[in-house]
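Residues per chain, in single letters:
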Amino acid sequence: MGNELNNTQGKMSLSVNKEIPTETPINRKRLHDSFVEEKNEHRKLRKIKRKYASIEPEVIVDGNTKRIHVPSLQQLILYLLTSDNSQPDWCKVINRRAISKVLFIEIRGLNSIDFGVKSLIKVPKAIHLQKNGFKNELLPFSKAFDYMVPLTMPGSNHAVYPLMSSLVSVHLSNKERKRIVHRNSGKEATLDNLCLSLDQLEASGYPIHRDVSCATPEMVNKTPDYVSTVKFDHPGAKVFALDCEMCRTKSGLVLTRCSLTNWDGKRLIDELVKPDEEIVDYVTKYSGITEDMLKDVKTRLPDIQQKIKSIVSSDDILIGHSLQSDLNVLKMKHPRIIDTAECYDHGSGPPMKPALKSLIFKYFGKNIHDKATGHDSVEDCTSCLDLVKLKLEKGLFFGKSLRTSIFSNIAHCNKMETTGDNKKIPKSSLVIDSGLQLSGLYGPDELVQCKNDDEEVEALQNKVSEHDFVLMKLRELEFAKGISSQNDGNVEFTTSVEKAYSNLGAHFGKIYDAVPANTFIIVCASCGNLSAIRELQAEHRSFQRLFGENPNIRNKSSDSDWTLSKAQRLDDAVYKVRSSFCLMTLKK
């Protein structure tokens, strides 16, 4: 036994006690090997291209296609543009690799009758469209679409949810959620780890301060006329909240009020500011600013900039809600930012940004921004402070939905072609004036804001070649029909319903001509009387508020009472609006 052990040890020692060189050679691939591997990779890619180039792509939508929901459309888009292999069961896709782009258009105000279909309520399958049933103004649509697919819009029995928000927010699988939670287990929320990273600052449109870690001179020099905070020692607060109110001039938004508070909510600055340019819209409903308020104001933008610089050091923390808007109107840079629009997620998940008003109501049960005199910037400062303090108390994942977005999923996949130096090109997304409040890292690669549908069509014509997924919303018809109020000073829509239909047909014709072959086009209609739903919902909220103050209100006969009849009217109106449709085609 001992001899066997010794022999074994000897054998072991022979394999170990080889002559060891004084310098261990570095294990690296030879240049020739790398070249061969790269060549093989390109040969493989060319083979795949040839294989799929010989097969005509097709997305089969026919009379057997069942009523679908928005997640079904989301699944199809991801199947066409990513490596996701979960093929939809409601349509058949042939050679998805050859489908170059997906264009998604929302058009509120379109009705099924515009295409010769009387009603879609309780219709279970797609309807073949008769070309002579199309409204004359919409003839360009007849050349593209053969079937109308019934679509149930997102919502509940009592409410209709925004289509775009539901489309772009993607649920994570249970496995992915567990992986994220496990990776971050034990991490507490601190002021330091709530500060935005360089990627987050850039993606959300913040001006980049030179003290931001890893910031390049090119990033910093994008805003050479901005004033930067500087480092200095000072007693007292190291954390501040900032909020600004703005009015509109011909060149854009300008500062008209600035408020700064310390961590305890004590106001340090709260001043009206007179802009150099003439104000064309005071936007009093939101800003709370009137012409009389600014009449005798002497404070100018440079005065406020210097006051902030004298209070806030560059190593202090600034807190605000979508603070990039405030810093850009202040023309100032600061490196350490906590943005409550990034700390908390929108109810539908990223890439949408939550409104400050909705966060405060959700987590504190308080109403803000409900005064006839407009917003209060000091109130906004203290609201942001309350949200950050709550986050520190509850933890890093509090208020987060653990979702991702359709844009980030698409960005993780590469195009079939490569660059001149054989590098892979990631796929990209473009959003044209969708009305979404988009969150930085989860948002599209490019966002173009337009004032009307003409500008949207022009933007698509100029940029569609650069992107793989395009999301747009044509709004002229919805404003002409009074479905939505024109409360955004950035939009310009003044036309009759008849003219809006005519323009819509012409716009779609231009869009169809602009996109290349093998582009899959989805048009989603949002129809029905949304104003009636909003009125009934407002009445219901009013009753809930009154009932909370006086539970005996049900015993009184009053116009403000919420009856079963009104509840049924609300449910019926919601059901009609949610019974919508979409049109789909693959351009050949």
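A quick note: this is a predicted structure, and the numbers were derived from the prediction, not measured. (Residues numbered from 1 in each chain as written. Predicted model: local features only at pLDDT ≥ 70, side-chain atom pairs only at ≥ 80, totals over all residues. Heavy atoms only, no water.)

S.K.: It is not clear to me how the packing of aromatic side chains should be interpreted in this structure. Could you clarify?
M.R.: The geometry of an aromatic ring pair is captured by the separation of the ring centres together with the interplanar angle, meaning the angle of the planes. Enumeration according to the criterion identifies 11 aromatic pairs in this entry. For the ring pair Phe-115 and Phe-581, a centre distance of 5.8 Å and an interplane angle of 75° mean the geometry is edge-to-face. Taken together, the residues Phe-115 in the loop between β4 (101–108) and β5 (127–128) and Phe-581 in strand β23 (residues 579–586) connect sequence positions 466 residues apart. Aromatic rings pair up to connect Phe-115, Phe-134, Phe-141, Phe-145, Phe-508, Tyr-512 and Phe-581 into one cluster. Against the face of Tyr-501 rests Lys-135, its NZ or CZ located 4.6 Å from the ring centre. (Phe/Tyr/Trp six-rings, centres within 6.5 Å; stacked < 30°, edge-to-face > 60°. Helix = DSSP H or I, 4+ residues; strand = E, 2+ residues; numbered from the N terminus. Lys NZ or Arg CZ within 6 Å of the ring centre and 35° of its normal.)

S.K.: Help me out: how do you make sense of the pattern of salt bridges in this one?
M.R.: When the charged atoms of two side chains lie near each other, side chains of opposite charge can form a pair. As enumerated under the stated definition, the model contains 18 salt bridges in all. Measuring nitrogen to oxygen at the nearest pair gives 3.3 Å for the salt bridge that ties Arg-257 to Asp-376. With Arg-257 in strand β10 (residues 252–262) and Asp-376 in the loop between α15 (356–364) and α16 (377–394), this pair connects stretches of sequence that are 119 residues apart. For Arg-257, a relative accessible area of 15% translates into the label buried. Judged by relative accessible area, which is 21%, Asp-376 ranks as partly exposed. For Glu-446, the salt bridge is made with Lys-463, and the minimal N-O distance between the two is 2.7 Å. Of the two residues, Glu-446 is situated in strand β20 (residues 446–448) and Lys-463 in helix α18 (residues 453–463); the sequence distance between them amounts to 17 residues. Lys-463 gets classed as partly exposed once you look at its relative accessible area, which sits at 23%. Among the charged side chains, a salt-bridge network with shared partners connects Arg-257, Arg-267, Asp-270 and Asp-376. (Salt bridge = Lys/Arg side-chain N within 4 Å of Asp/Glu carboxyl O. Buried < 20%, exposed > 50% of the residue type's maximum accessible area, 1.4 Å probe, protein only.)

S.K.: Sorry, what's going on with the side chain of Glu-456 here?
M.R.: Within the secondary structure layout, Glu-456 lies in helix α18. The side chain of Glu-456 sits in the buried core without any salt bridge; Arg-475 is the nearest counter-charge, 6.5 Å away. Residues within four places of Glu-456 in sequence aside, it is in contact with Ile-432, Asp-433, Cys-450, Met-472, Lys-473 and Leu-474. (Lys, Arg positive; Asp, Glu negative; His and termini not counted. Contact = heavy atoms within 4.5 Å.)

S.K.: I'm lost on the confidence of the model for the protein chain in this one. Help?
M.R.: Any segment with low pLDDT has predicted coordinates that should not be analysed in fine detail. Mean pLDDT over the protein chain: 85, with 83% of residues reaching 70 or higher. Low pLDDT, under 50, characterises residues 1–31; the predicted model gives this stretch 2 contacts beyond four residues in sequence or across chains. (pLDDT = per-residue confidence, 0-100.)

S.K.: How should I be thinking about the packing of α15 against α16 in this particular structure?
M.R.: Any two packed helices are characterised by the angle at which their axes cross and by the distance between the axes. Running from amino to carboxyl end, α15 crosses α16 at an angle of 50°, the nearest separation of the two axes being 11 Å. As the angle between them shows, α15 and α16 are arranged oblique. The interaxial crossing formed by α15 with α16 has left-handed handedness. Judged by residue contacts, Leu-356, Leu-359, Ile-360, Tyr-363 and Phe-364 of α15 engage Asp-380, Ser-383, Cys-384, Asp-386, Leu-387 and Leu-390 from α16. Per-class residue counts for the contact of α15 with α16 are 8 nonpolar, 1 polar and 2 charged. (Axes fitted to C-alpha atoms, helices over the stretch in contact; angles between N-to-C directions. Parallel < 35°, antiparallel > 145°, perpendicular 65-115°, else oblique. Left-handed = near helix turned anticlockwise from the far one by under 90°. Nonpolar A, V, L, I, M, F, W, Y, C, P; charged D, E, K, R; others polar.)

S.K.: Help me understand the nonpolar core in this model?
M.R.: Burial of nonpolar side chains together is a common tendency in soluble globular proteins. Core analysis: the biggest nonpolar cluster contains 39 residues, and Leu-73, Phe-104, Phe-469, Phe-520 and Met-584 have the highest contact counts within it. When contributions to this core are tallied by element, the ones reaching two or more residues are α3 (70–81), β4, β6 (147–152), α5 (163–168), α17 (406–411), β21 (469–474), β22 (519–526) and β23. Every residue in contact with Phe-469, bar those within four places of it in the chain, is listed here: Ile-77, Leu-81, Val-102, Phe-104, Ile-406, Phe-407, Ile-410, Ser-428, Ser-429 and Leu-430. Of all hydrophobic cores here, the second largest spans 38 residues; its members include Leu-138, Leu-430, Cys-450 and Ile-511. (Core = buried A, V, L, I, M, F, W, Y, C linked by side-chain atoms within 4.5 Å.)

S.K.: How should α15 be read in this particular structure?
M.R.: An α-helical turn contains 3.6 residues, so a residue and the one three or four places further along point in the same direction. When we look at burial in α15, the residues that qualify are Leu-356, Leu-359 and Ile-360. Take α15 and look down its axis: the buried residues cluster within an arc of 95°, on one side only. Of the surrounding secondary structure, the elements contacted by the buried residues of α15 are α14 (340–343) and α16. In the stretch just after α15, Gly-365 is the one whose phi turns positive, near 70°. (Arc of directions from axis to C-beta.)

S.K.: Explanation requested: unusual backbone geometry in the structure shown.
M.R.: In terms of backbone geometry, most residues other than glycine have negative phi values and most peptide bonds are trans. For Lys-122, which is not a glycine, the phi torsion comes out positive at approximately 65°. When you line up the elements, Lys-122 lands in the loop between β4 and β5. Residue class for Lys-122 comes out exposed when judged on its relative accessible area of 72%. Here the phi dihedral of Lys-331 falls at roughly 55°; this positive angle occurs in a residue that is not glycine. The residue Lys-331 is located in the loop between α13 (323–330) and β14 (332–333) in this model. The partly exposed category is assigned to Lys-331, whose relative accessible area is 32%.

S.K.: Help me out: how do you make sense of α3 in this one?
M.R.: For α3, with 12 residues, the first-to-last C-alpha span of 17 Å sits near the 16 Å given by 1.5 Å per residue. Burial analysis of α3 places 10 of its 12 residues in the buried class, which makes it a mostly covered element. Among all positions of α3, only Val-70, Ser-72, Leu-73, Gln-74, Leu-76, Ile-77, Leu-78, Tyr-79, Leu-80 and Leu-81 are buried. (Expected span 1.5 Å × (residues − 1).)

S.K.: Would you mind going over the pairing of β23 with me for this structure?
M.R.: Where a strand is regular, its side chains alternate between the two sheet faces. Across the 8 residues of β23, 8 count as buried, placing the element largely inside the fold. Of the two faces of β23, both are covered, the one formed by Ser-579, Phe-581, Leu-583 and Thr-585 as well as the one formed by Ser-580, Cys-582, Met-584 and Leu-586. Taken together, the 6 bridges between β22 and β23 define a ladder with antiparallel strand orientation. Bridge assignment links Ala-525 to a residue of β23, and that residue is Phe-581. (Pairing = 2+ DSSP bridges.)

S.K.: When you look at the side chain of Lys-587 in this model, what are you seeing that I'm missing?
M.R.: Here Lys-587 shows up in the segment after β23. The side chain of Lys-587 is buried and forms no salt bridge, while Asp-513, the nearest opposite charge, is found at 5.2 Å. Within the local environment of Lys-587, its side chain forms a polar contact with the backbone oxygen of Val-515, the two atoms lying 2.7 Å apart. Leaving out residues up to four positions away in the same chain, Lys-587 has contacts with Tyr-512, Asp-513, Val-515, Pro-516, Ala-517, Asn-518 and Thr-519. (Polar contact = N/O pair within 3.5 Å; in protein donor to acceptor, adjacent residues only side chain to side chain.)

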